[in-house]
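Chain by chain, the residues:
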Amino acid sequence: MPGLTIGDIIPNLEVETTKGKFKIHDFIGENWILLFSHPGDFTPVCTTELGMMAKYSKQFIEKGVKLLGLSCDDLTSHMEWIKDIESNNGGHKVDYPIIGDSKREIIKQLNMVDPDEKDGKGNNMPSRALHIIGPDKKIKLSFLYPATTGRNMDEVLRVVESLQKARKYNNKVATPVNWNPGEKVVIAPSVTDEDARKMFPQGFQTVDLPSNKKYLRYAQV
Ligand code: BEZ
């Protein structure tokens, strides 16, 4: 199956999770979703990642973002492992569902198989994939990390804020390199100066460039 990419609708699979059985689209509802896979329960990097997700969960919920984990371990394993995660992260509760995919059907359908990682029985393991899905059920941004590199939750939070900022302005603004919330955005090339003056009555700044082209415009929004 070809990989899921930006703009694709996430398949509406029925999943069994630590918080019950549901269809992914029903879980999304009107929210944003972080759907993230991890190689396996009771492994060191994954324990730190899912623990940090639990710690950041409140910040994501405040932004209308729900979390949904996934690995090929079964639900009994997830429930046992959650006790380890919570004892190692200062007691932050794993309040988000984790999908159990012991038949490895979901990771194949969602293209989350890591070809380089096998468990003790030679079975494929999931990569550290993370899809940010919008309320329209479409993938807005994806991370794909190998088993040996843990993800950075500050970066996940930062890109959620970037995506939501762009959406609020109908993709007429974008966030430049190393942008952080509260900093100036840039105005999309599709916006004329005339329209920019209407969109940003507080004004915007155009950078003088050798080409004399006026495409680098900053605004505080
Ligand atoms: C880990 O989560 O620590 C891990 C999992 C699979 C391979 C390597 C590391």
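Residues numbered from 1 in each chain as written. Predicted model: local features only at pLDDT ≥ 70, side-chain atom pairs only at ≥ 80, totals over all residues. Heavy atoms only, no water.

S.K.: Can you walk me through unusual backbone geometry in this structure?
M.R.: Backbone geometry follows two general trends: most residues other than glycine have a negative phi, and most peptide bonds adopt the trans configuration. The phi torsion at Asn 111 lies on the positive side, around 55°, for a residue other than glycine. With respect to the helices and strands, the residue Asn 111 is situated in the loop between α4 (105-109) and β6 (113-118). Positive phi values are uncommon outside glycine, yet Asn 170 reaches one of about 55°. Looking at the element boundaries, Asn 170 is found in the loop between α5 (153-168) and β10 (173-174). Owing to a relative accessible area of 63%, Asn 170 belongs among the exposed residues under this scheme. (Helix = DSSP H or I, 4+ residues; strand = E, 2+ residues; numbered from the N terminus. Buried < 20%, exposed > 50% of the residue type's maximum accessible area, 1.4 Å probe, protein only.)

S.K.: Sorry if this is basic, but what is going on with the environment of Ala 196 here?
M.R.: Its location among the elements puts Ala 196 in helix α6 (residues 193-199). As for Ala 196 and His 25, which are separated by 171 residues in sequence, their C-alpha atoms are 36 Å apart.

S.K.: When you look at helix α2 (residues 44-62) in this model, what are you seeing that I'm missing?
M.R.: Three or four residues apart is the spacing at which side chains of an α-helix point the same way, because the helix has 3.6 residues per turn. For α2, built from 19 residues, the straight-helix expectation of 27 Å at 1.5 Å per residue is met to within 8% by its first-to-last C-alpha distance of 28 Å. Roughly 50° is the biggest bend found in α2, and it falls at Tyr 56. Regarding α2, the residues found buried are Cys 46, Thr 47, Glu 49, Leu 50, Gly 51, Met 53, Ala 54, Tyr 56, Ser 57 and Phe 60. Those residues of α2 hidden inside the fold are in contact with β3 (32-37), β4 (65-71), α3 (75-88), β5 (98-100), β8 (128-133) and α5. Once α2 finishes, Gly 64 follows within two positions and takes phi at roughly 75°, a positive value. (Expected span 1.5 Å × (residues − 1). Bend = angle between axes of the 7 residues up to and from the residue. Contact = heavy atoms within 4.5 Å.)

S.K.: Please explain the pattern of salt bridges as it appears in this structure.
M.R.: Close approach of charged atoms lets side chains of opposite charge pair. A full pass over the atoms with the stated rule returns 12 salt bridges. Between Asp 136 and Lys 140 there is a salt bridge, and its shortest N-O distance comes to 2.8 Å. Among the salt bridges present, the one from Arg 217 reaches Asp 193, with a minimum N-O distance of 2.9 Å. Here the residue Arg 217 occupies a position in strand β13 (residues 217-219), and Asp 193 occupies one in helix α6, the gap between them amounting to 24 residues. What you see here is one network of salt bridges that share partners, running through Glu 49, Arg 128 and Arg 151. (Salt bridge = Lys/Arg side-chain N within 4 Å of Asp/Glu carboxyl O.)

S.K.: Would you mind showing me how to read the pairing of strand β1 (residues 14-17) here?
M.R.: The two faces of a sheet get side chains in turn, since along a regular strand they alternate between them. Where burial is concerned, the two faces of β1 differ: the one with Val 15 and Thr 17 is buried and the one with Glu 14 and Glu 16 is not. Where β1 and strand β2 (residues 20-23) come together, four bridges link them in antiparallel fashion. Considered in β2, the bridge of Glu 14 is made with Lys 23. From the end of β1 to the start of β2, which pair antiparallel, there are two residues. (Pairing = 2+ DSSP bridges.)

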